[in-house]
Amino acid sequence: MNAETRRLRPPVKGLVALALGLLMFGGCAEKEDLRSEFAQAVDLEDWGRLAVHHEGRIKSFDSFARTMMSYVTGPRLIAGQSPAFTYLDLAFRPASYLDTDVLFIKNKPTRGRIVRTLQSEAVSAQPGFTARMDAFVETGLISPQLLNMPAVNDLLEIMRQDLMRTARFVTMIDNAKAVARPDVLHRMLRMVAPPGGTFETPWLALQEMGPSFAGDPRVAGVGAREQLAEDYGRLQAAWAAQDAERVNGALAALSSVLPTIEPALYPDADRLSWESWYFKAKSMTWVWLLYMPALVLLLLSLVYRWPTARRLGMGVFLVAFGFHTFALGLRWYVSGRWPNSNMFEAVTTAAWFGGIVALVCEFVVRRSAMRNVFALGSAAASMAALMAVHFLPTDLSPNIGNMMPVLHNVWLYIHTNIIIASYCLIFMAAISALLYLGYRVFGGRADFVRMGGAGTLIAGDGLPADTGDKAASPGQVMDGVTMVLMELSFVMLWAGLVMGAIWADHSWGRPWGWDPKEVFALNTFLVFAVLVHVRLKSRDKGLWTAVLAVVGAGVMLFNWIVINFWITGLHSYA
């Protein structure tokens, strides 16, 4: 940096306090336990680590219950209960939930229409109705009893006819009501490995252990069947009576028997335990809280040339990236595949790729004026990605499912990874471009790196080769970083598009089909192609590079957000 920033002196104590405060943000404040005495007394620790066969995949009960309850309660917890407890409570005590606000409605306009419909009914005269409706509008939770009222059913039937605007929201409500039915919950509880079966053989539901299955060849002996039936019956009876001691006894008995029915088919206990822990740890999306202070400290080091902030910022960034890597590796381990087949995985894995590239670049430019800026861009990208999956669990569901058949291809690990990595680099380039634009807005010179992005790395010092000034200006630093990231993302996006065409030709019989996501990926590439040519011809190279880098990031985000969530296409799964 030049003399215009050297004289700035940071308020050291206040900024350190701010950074430490951000590290502690959202921390350990104790929350009031809203659970009933029965819910607090029931021990589901071992039960949560048992295996359930669901949608062709064997997962822990904690993971399974979280997936199933996401259809019913969305991202909400009912009375502070875990999804595992709510699942069993809905199955064993369904009558207690008839007038409990448990069904989640995602769309706010739909909530408003339901509220207006109920306001014209006799139920609106009940005490507390207004407060209850206010809570419904805020949380999206409503009771099955209110949702099944004739006037509401008539409204939903009208909405069902509007295929373009509201039919999908009614379908989501239908799914929530269907999954919450006790017979469905019992039937989905497939926790009995089929004796003599294979890994493709469906598992048996616990309710199938009743007397009518006495001669079923899938069950290993009458004794085993009767023991399971007896334990499951005791569990249901004790749960209905809310006798926590008897419930815990029945759970312990089933937990000891179920893994022994067909040990050859039962998954590794450590994997089930880690999967259960992963979801209890909220899929480790809280790591954004570590990226935030890293971002703040790296910004301080950039603005003030503050060595302490640089060291602290890189240290916190490495800690955050370490947790991020652990979360990614753990998801890979429990799912048995590389995590890049749905939106949650694409977003978090893309941010991780950005971190890898940032660390490599930081090593290359460790002695140049561009150091720390790549890590700063990666911290911003990772924080944004993890905040998105943390605060939007309904849209970016962390649930682990099977891949679509078309994704079972080696090109998934080539085309998809290159595309999402390029998207993260585009976002990081936009960060440095915005910093450049901010520098210009506040009176900075029209500086740029004359050799281009790759040239600055080859030169070895991150400075223009034709300058004798060994202190690069902020404009040169920001422009150099933007060019490096832009050039990398430009090449990777081009390679990803070509590889996607090869995969499409292999899977769908044509290399290009004008699918919305294909079109906007191409649009993003074209923006950067324009950027390359504009930089060659324009006089204010730094300004137009920054502007087009931000525009390119906007097109990329439109592709990843609008196309994925509002426009249906062949790529809608990710």
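Residues numbered from 1 in each chain as written. Predicted model: local features only at pLDDT ≥ 70, side-chain atom pairs only at ≥ 80, totals over all residues. Heavy atoms only, no water.

Draft legend 1. Molecular detail of the overall build of the chain. Looking only at helices and strands, the chain features 23 helices and six strands. For the chain, the proportion of its 574 residues judged to be buried stands at 52%. Expressed as a percentage of contacts within the chain between residues at least 6 apart in sequence, the contacts between residues at least 24 apart total 74%. About 26300 Å² of surface is accessible on the chain, with carbon and sulfur atoms providing 63% of the total. (Helix = DSSP H or I, 4+ residues; strand = E, 2+ residues; numbered from the N terminus. Buried < 20%, exposed > 50% of the residue type's maximum accessible area, 1.4 Å probe, protein only. Contact = heavy atoms within 4.5 Å. Areas by Shrake-Rupley, 256 points an atom, 1.4 Å probe, with all protein chains shown as cover.)

Draft legend 2. Broad picture of the packing of helix 17 (residues 343-364) against helix 18 (residues 373-391). Running from N to C, helix 17 and helix 18 point in directions that differ by 170°, and their axes come no closer than 9 Å. Comparing the axis directions of helix 17 and helix 18 gives the class roughly antiparallel. Between helix 17 and helix 18, the residues in contact are Phe344, Val347, Thr348, Ala351, Gly354, Gly355, Ala358, Cys361 and Glu362 and Val373, Phe374, Ala375, Ser378, Ala381, Ser382, Ala385, Leu386 and Val389, respectively. Classifying every residue of the contact of helix 17 with helix 18 gives 12 nonpolar, five polar and one charged. (Axes fitted to C-alpha atoms, helices over the stretch in contact; angles between N-to-C directions. Parallel < 35°, antiparallel > 145°, perpendicular 65-115°, else oblique. Nonpolar A, V, L, I, M, F, W, Y, C, P; charged D, E, K, R; others polar.)

Draft legend 3. Spotlight on the pairing of strand 2 (residues 57-60). Where strand 1 (residues 51-54) lies against strand 2, four bridges are found, and the strand directions are antiparallel. Within strand 2, the residue paired with Ala51 across the bridge is Ser60. Connecting strand 1 to the antiparallel partner strand 2 that follows it, the hairpin turn spans two residues, and Glu55 within it adopts a positive phi of roughly 55°. (Pairing = 2+ DSSP bridges.)

Draft legend 4. Structural view of the pattern of salt bridges. Scanning the model with the defined rule gives 23 salt bridges in all. The salt bridge involving Arg93 is made with Asp89; its shortest N-O contact spans 2.9 Å. Of the two residues, Arg93 and Asp89, neither departs from the other in class, the shared state being buried. Here Asp174 makes a salt bridge to Arg160, at a shortest N to O gap of 2.5 Å. (Salt bridge = Lys/Arg side-chain N within 4 Å of Asp/Glu carboxyl O.)

Draft legend 5. Up close: helix 10 (residues 167-179). A rise of 1.5 Å per residue sets the reference length of helix 10, with its 13 residues, at 18 Å; its end C-alpha atoms lie 18 Å apart and thus fit the reference within 8%. Listed as buried for helix 10 are Ala167, Phe169, Val170, Ile173, Ala176 and Val179. In the core, the buried residues of helix 10 are packed alongside helix 4 (61-72), strand 3 (103-104), helix 6 (108-119), helix 8 (144-147), helix 9 (150-161) and helix 11 (182-188). (Expected span 1.5 Å × (residues − 1).)

Draft legend 6. Spotlight on the environment of Pro263. With respect to the element layout, Pro263 can be found in the loop between helix 13 (244-257) and helix 14 (269-280). You can call Pro263 exposed: its relative accessible area is 54%. Taking the C-alpha atoms as reference, Pro263 lies 8.9 Å from Pro195; in sequence the two are 68 residues apart.

Draft legend 7. Structural view of unusual backbone geometry. Its identity as a non-glycine residue notwithstanding, Gln242 has a phi of 55°, on the positive side. The class of Gln242 is partly exposed, set by a relative accessible area of 38%. Its identity is not glycine, yet Arg305 carries a phi of approximately 50°, on the positive side.

Draft legend 8. Helix 13, seen in detail. Its 14 residues give helix 13 an end-to-end C-alpha distance of 20 Å, which sits within 8% of 20 Å, the value for a rise of 1.5 Å per residue. Every buried residue of helix 13 is listed here: Ala244, Val247, Ala250, Leu251, Ala253, Leu254, Ser255 and Val257.

Draft legend 9. Broad picture of the confidence of the model for the chain. Averaged over every residue, the pLDDT of the chain is 85; the share at 70 or more is 86%. Mean pLDDT across the secondary structure elements of the chain bottoms out at helix 1 (residues 3-6), with 43, and peaks at strand 3, with 97. Here residues 22-29 is modelled with pLDDT under 50, and outside its nearest four sequence neighbours on either side it reaches nine contacts, counting other chains as well. For the stretch residues 461-469, pLDDT sits under 50, and the model shows 15 contacts to residues farther than four places along the chain or on other chains. (pLDDT = per-residue confidence, 0-100.)

Draft legend 10. Spatial organisation of the nonpolar core. Within the largest apolar cluster, 87 residues are counted, with the highest numbers of intra-cluster contacts made by Tyr291, Phe374, Tyr423 and Trp560. Here this core takes 13 residues from helix 19 (residues 411-441), the largest share from any one element. Among the nonpolar cores identified, the runner-up in size contains 74 residues, and Ala39, Ala84, Phe85 and Leu147 belong to it. (Core = buried A, V, L, I, M, F, W, Y, C linked by side-chain atoms within 4.5 Å.)

Draft legend 11. The packing of helix 6 against helix 9, seen in detail. Closest axis-to-axis distance for the helix 6/helix 9 pair is 9 Å, and the angle between their directions is 145°. Here helix 6 runs over helix 9; the crossing is right-handed. Mapping the contact onto sequence places Thr110, Arg113, Ile114, Thr117 and Leu118 in helix 6 and Ala151, Val152, Leu155 and Met159 in helix 9. Per-class residue counts for the contact of helix 6 with helix 9 are six nonpolar, two polar and one charged. (Left-handed = near helix turned anticlockwise from the far one by under 90°.)

Draft legend 12. The arrangement of the packing of aromatic side chains in detail. Counting across every chain of the model gives 27 aromatic pairs. Pairing Trp277 with Phe326 gives two aromatic rings, centres 6.3 Å apart and planes at 70°, and the pair type is edge-to-face. Of the two residues, Trp277 is situated in helix 14 and Phe326 in helix 16 (residues 307-335); the sequence distance between them amounts to 49 residues. By the ring-pair criterion, three or more aromatic residues cluster together here, those being Tyr291, Phe317, Phe321, Trp332, Trp338, Trp352 and Phe353. Its guanidinium or amino end placed over the ring of Phe363, Arg366 lies 4.2 Å from that ring's centre, counting from NZ or CZ. (Phe/Tyr/Trp six-rings, centres within 6.5 Å; stacked < 30°, edge-to-face > 60°. Lys NZ or Arg CZ within 6 Å of the ring centre and 35° of its normal.)

Draft legend 13. Up close: the side chain of Thr349. Among the structural elements, Thr349 can be located in helix 17. You can call Thr349 buried: its relative accessible area is 0%. Within polar-contact distance, the side chain of Thr349 engages the backbone oxygen of Glu345 at 2.7 Å. (Polar contact = N/O pair within 3.5 Å; in protein donor to acceptor, adjacent residues only side chain to side chain.)

Draft legend 14. A nonpolar patch on the surface, seen in detail. Taken together, the side chains of Trp274, Trp277, Phe326 and Tyr333 define a hydrophobic patch exposed on the protein surface, amounting to about 410 Å² of accessible area. Of all elements in the fold, only helix 14 and helix 16 reach the threshold of two or more residues within the nonpolar patch. Phe326 gets classed as partly exposed once you look at its relative accessible area, which sits at 38%. (Patch = residues over 30% accessible without salt bridge, like charges linked within 9 Å, V, L, I, M, F, W, Y side chains within 5 Å.)

Draft legend 15. Structural view of the environment of Ala178. Note that Ala178 resides in helix 10. According to the relative accessible area criterion, Ala178 is partly exposed, its value standing at 31%. In sequence terms Ala178 and Val72 are 106 residues apart; their C-alpha atoms lie 8.7 Å from each other.

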